[in-house]
Amino acid sequence: MAKTIMTADDSTSVRQMVSFTLREAGYQVVEAVDGKDALSKIKSTPVHMLITDLNMPNLDGIGLIRNIRAGSTCKFIPIIMLTTESQAEKKMAGKAAGATGWIVKPFKPDQLLAVVKKVLG
Amino acid sequence: MMQNPRITYKEEAIELLAELEGSLLELEENPGDSEIIGRAFRCLHTIKGSGSMFGFDDIATFTHEVETTFDLIREGKIAVTAELIGITLSACDHIRSLLEASDGGAAPDKEHGESLIASLKKLTGNIADPPPAGSSEYMDEPEQKASDIPEASDISYRIRFRPDRHILTTGFNPILLLNELRGLGPCKVVAQINEIPPLDEIDPEACYTYWDVVLTTNHGANEDVCTITVDIIDDGEGADEEEPVEVRLPNHKKLGEILVEKGDLTPDDVNGALSAQKPIGQLLMEAGVVDPGLIESACAEQEHIKELHRTRQANETISTVRVPADRLDTLVNLVGELVTVQARLSQMAALQNQPEIIAIAEEVERLTENLRDNAMNIRMVPIGTTFNKFKRMVRDLAEELGKNVVLETVGAETELDKTVIERLNDPLIHLIRNSVDHGIEEPDIREAKGKPRHGTVRISATHSGAFVLIRITDDGAGLDREAIHNKAVAKGLISPDVEFSEKDIFALIFTPGFSTAEKLTNISGRGVGMDVVKRNIEALRGSIEIESRKGAGTVITLKLPLTLAIIDGLLVKVGEGQFVIPLPIVQECVELTPVEKAGSNGRDLAHVRGEIVPYIRLRERFLIKGQAPQIEQIIITGACTGKVGLVVDQVIGERQTVIKNLGKLFQYVEDISGATILGDGKVALILDVPKLVEAEVEVAQGTCIH
């Protein structure tokens, strides 16, 4: 069965690119427009992996990761942060919140797929 | 289908700009509202982030500066002023004009952008200048290889992977890392479980296991191994240690060996004593000094290194066996004979209808097939070496002609019979020369036609069933159908009022003495080439085909049999004699009725669907005695200039045919290319149809008397 990956990003174009790339590679994709949306969608449909932006309205990426790691449904899924922040402290914050890894924007579809393959197996 | 992401990005950016402007205006009213500042920052952030991802680098760079300012505002380091808002608003306009410019609008004033950034910088007062974004952690990592480790040679590593206890709560699966390590080369993994606490103390979410890994790889120490995985989990205690294992061959002799050599002991004594002795691992374990898991990992390492040595030694001995080609030919001949004998055995077994014999015959059949495939495989060599020679040739040729030509090769690893490759060399050289000389245009002409200045010639080799397809593709001028037609008419090869298909027209260039090039060069164009190419390819039992579009290029496809020793043939019967006609040249089989024979008035012509096809009566040609049946069969072949029929008594069917040479005594027999032994032990002759037709034409013209 195809694995389901959620992309949470307030930018339509990024979401579109991520989900297009992943669908082409045979994954199922759930899109969420911000952290809050992501959290409520994850509660109803569990996913195998999350790719999230850090800067989002309503609930930001760090908050989203913290919520997921504290919850029960998808506690152990790999979470990849998508971010333009290359500063170390942001990464550390994400890591502390429980992120599995991060990709710094801009990235190419191949790079995204390589990372997904790496953490999803 | 997905909408072009660039378009989506533009739409989104315009929305974001509107939102940003709204926030800025609101901010002017309430300069201290952190929520509005956050909103403005996010807008800028998204414009920048997505911008660089979809190739709007100018927007990304510019927006980055504005974003930096707002980052400072967000952190409370600078205050919101009317001036700042004014500058940011004009920055919005600038971003918008950059967006429009990418749509083909007027190019925005670059200086304007720079002056905006300058005034922003003045406001922020160089409080902070964070490094520009855009570097990617994962992608940078491989460049930091340990430079002291030579890349290509295999190095064995001893790796202990002891992840942080809480690794599972970061969504990371250690098994994936181990699998990845396994993918790097020969690898042994031993899980260490001695740290797992008793059941009532276990935290089910923690990872207590750690792993000892022995890995032999030619990847650098820090190349791929620890990109995402180790770097991210290294906030725990010592995650990963790597040290090259010194690989030492046990050159020294063991005590027992020395004693035996000196004659002090017999080998049996030593072995007896040794069997009583416990392995060191067991001794240590019993003494309680080490944990069984650790012994296991040490043993695994020992084993791993031993295996490595074994394979290395094996490789050294196996990789170079040079055998003279004629020995291989003998082998292939013998295998061919075996195939024939096996066919007889199978036939006999089927006739006797005894289950035991049938079982044996089937086993022999299976073995023979394997043996045949193996023997054929030995003769196979990759075509790549031939390809490499062409690169140089194309380069020199292009230089001489003042053209820019790139030669691409695909499928260099495709294997073909050695003899085929050797005999393919000249035809390929000719075809590639043709492509470079006639196909690819001069750089200026190419540019005028809207093509890149450098032309591309591509040779590709692919397998297709029992054949190999070799394609020579160029993106040059293509064949001019009209010119070929006119030339053929002028030379009297075809009549002007007959319509020809494109394929037929292109086939004309294989006619001897045909060249449409306006000027002759010393490379090609004298019209002595293509017919020779065709003859060479046909001698290899291959075929040649041309596709071309004027202005776009030409594709020449050579279809060659994988091997010369075994062919697909059509077995036919004339009187008591049996003949094999190579199947690739057979087009169809039709009946020759007495009515038709009478209708052609003894001129040996048959009507096949409105076409007149001349035929050769094999019965007459080979002086076979006996009466022909009422209805004979014509095998229509298309080997040479046109269709020619061969009249036989009976068509038996398709056969895999092992070719045997006729030997010295028959070396001047031209119509027969070889012989094969049939399942019932009889011999069938293999016809060389082009030669047969040639000879017949000569007889008809009276130039040769048989």
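Because the structure is a prediction, the values reported are computed rather than measured.

(A) View of the overall build of chain A. Each helix and strand counted, chain A has five helices and five strands in total. When the helices and strands of chain A are read in sequence order from the N terminus, they spell out β-α-β-α-β-α-β-α-β-α. Classification of the 121 residues of chain A by burial places 53% in the buried group. Within chain A, residue pairs in contact and separated by at least 24 positions form 61% of the contacts whose partners lie at least 6 positions apart.

(B) Structural detail: the overall build of chain B. Helices and strands together make up the secondary structure of chain B, namely 23 helices and 21 strands. Counting only contacts in chain B whose residues sit at least 6 apart along the sequence, the fraction spanning at least 24 positions is 67%.

(C) Inspection of the packing of helix H3 (residues 57-74) of chain B against helix H5 (residues 110-124) of chain B at higher detail. All names here are of chain B. Between H3 and H5, the shortest axis-to-axis distance is 10 Å and the interhelical angle comes to 20°. By the angle between their axes, H3 is roughly parallel relative to H5. For the element pair H3 and H5, the recorded crossing hand is left-handed. Residue-level inspection shows Phe-62, Glu-65, Val-66, Thr-69 and Leu-72 of H3 in contact with H5, the latter providing Gly-113, Ile-117, Leu-120 and Thr-124. Looking at the contact of H3 with H5 residue by residue, the classes come out as five nonpolar, three polar and one charged.

(D) Region of interest: the sheet that holds strand S18 (residues 644-648) of chain B. All names here are of chain B. With mixed pairing, five strands are arranged side by side in an open sheet as S14-S17-S18-S16-S15. Of all the strands in the sheet, the pair left with one neighbour each is strand S14 (586-592) and strand S15 (605-608). Each strand of the sheet is rotated relative to its neighbour by a mean of 35°, with strand direction disregarded.

(E) Up close: the sheet that holds strand S5 (residues 101-104) of chain A. Residue and element names in this part refer to chain A. Pairing is parallel in the open sheet, where five strands are placed in the order S2-S1-S3-S4-S5. On the outer flanks of this sheet lie strand S2 (28-32) and S5, each paired with one strand and no other. Going from strand to strand, the sheet's axes swing by 20° on average, the running direction of each strand aside. Sheet topology places strand S1 (residues 4-8) next to strand S3 (residues 49-53); four bridges connect them, and they run parallel.

(F) Representation of the environment of B:Ala398 in the model. Residue and element names in this part refer to chain B. Counting through the fold element by element, Ala-398 comes out in helix H15 (residues 384-401). Once the C-alpha coordinates of Ala-398 and Val-436 are considered, the two residues, 38 residues apart in sequence, prove to be 7.0 Å apart. With residues up to four places along the chain from it excluded, the contact list for Ala-398 reads Lys-403, Asn-404, Val-405 and Val-436.

(G) Up close: the nonpolar core. Within the largest apolar cluster, 68 residues are counted, with the highest numbers of intra-cluster contacts made by A:Leu50, A:Ile80 and B:Ala40. With eight residues, the single largest contributor to this core is helix H2 (residues 34-53) of chain B.

(H) Spatial organisation of the packing of helix H3 (residues 61-70) of chain A against helix H4 (residues 88-97) of chain A. All names here are of chain A. Running from amino to carboxyl end, H3 crosses H4 at an angle of 15°, the nearest separation of the two axes being 8 Å. On the basis of the axis angle, H3 is roughly parallel to H4. Between H3 and H4 the crossing geometry is right-handed. Touching Ile-62, Ile-65, Arg-66 and Arg-69 of H3 are Ala-93, Gly-94 and Ala-97, all from H4.

(I) Summary view of the confidence of the model for chain A. Here chain A shows a mean pLDDT of 83. Residues at 70 or above account for 97%. Here H4(A) stands out as the least confident element of chain A, with mean pLDDT 79; S1(A) is the most confident, with 90.

(J) Region of interest: the environment of B:Val468. Residues and elements named next belong to chain B. Along the chain, Val-468 falls in strand S9 (residues 467-474). Judged by local crowding, Val-468 falls into the buried class, with 24 C-beta atoms found within 10 Å. Along the sequence, Val-468 and Lys-559 sit 91 residues apart, while their C-alpha atoms lie 5.8 Å from each other. What Val-468 contacts, discounting residues up to four positions off in sequence, is Thr-414, Leu-416, Ala-461, His-463, Leu-560 and Leu-562.

(K) Looking closely at H2(B). Residues and elements named next belong to chain B. For H2, which comprises 20 residues, the first-to-last C-alpha distance of 28 Å matches the rise-based estimate of 28 Å (1.5 Å per residue) to within 8%. Burial analysis of H2 places 16 of its 20 residues in the buried class, the great majority of the element. Just downstream of H2 lies Gly-55, where phi reads positive at about 90°.

(L) The arrangement of the environment of B:Ala359 in detail. Residues and elements named next belong to chain B. As for its placement among the helices and strands, Ala-359 is situated in helix H14 (residues 355-378). Accessibility expressed as a C-beta count within 10 Å gives 11 for Ala-359, which makes it exposed. The spacing of Ala-359 and Ala-349 is 10 residues in sequence and 8.7 Å in space, taken between C-alpha atoms.

(M) Main features of unusual backbone geometry. Positive phi, normally seen in glycine, also occurs at A:Asn58, with a value near 65°. With phi around 50°, B:Leu623 is a residue other than glycine that occupies positive phi space. Mapped onto the elements, B:Leu623 comes out in the loop between helix H22 (618-621) and strand S17 (632-637).

(N) Local environment of helix H4 (residues 82-102) of chain B. A rise of 1.5 Å per residue sets the reference length of H4(B), with its 21 residues, at 30 Å; its end C-alpha atoms lie 31 Å apart and thus fit the reference within 8%. Every buried residue of H4(B) is accounted for by B:Leu84, B:Ile87, B:Thr88, B:Ala91, B:Cys92, B:His94, B:Ile95, B:Leu98 and B:Leu99.

(O) A look at the confidence of the model for chain B. Residue and element names in this part refer to chain B. Per-chain confidence: chain B averages 75 in pLDDT, with 78% of residues scoring 70 or above. In the model, residues 223-251 has pLDDT below 50 throughout and makes 50 contacts with residues more than four positions away in sequence or in other chains. Predicted complex metrics record ipTM = 0.73 and pTM = 0.40.

What counts and how
Residues numbered from 1 in each chain as written. Chains lettered and ligands numbered in written order. Predicted model: local features only at pLDDT ≥ 70, side-chain atom pairs only at ≥ 80, totals over all residues. Helix = DSSP H or I, 4+ residues; strand = E, 2+ residues; numbered from the N terminus. Buried ≥ 20, exposed ≤ 12 C-beta atoms within 10 Å, placed from the backbone. Contact = placed C-beta atoms within 7 Å. Axes fitted to C-alpha atoms, helices over the stretch in contact; angles between N-to-C directions. Parallel < 35°, antiparallel > 145°, perpendicular 65-115°, else oblique. Left-handed = near helix turned anticlockwise from the far one by under 90°. Nonpolar A, V, L, I, M, F, W, Y, C, P; charged D, E, K, R; others polar. Pairing = 2+ DSSP bridges. Core = buried A, V, L, I, M, F, W, Y, C linked by C-beta atoms within 7 Å. pLDDT = per-residue confidence, 0-100. Expected span 1.5 Å × (residues − 1).

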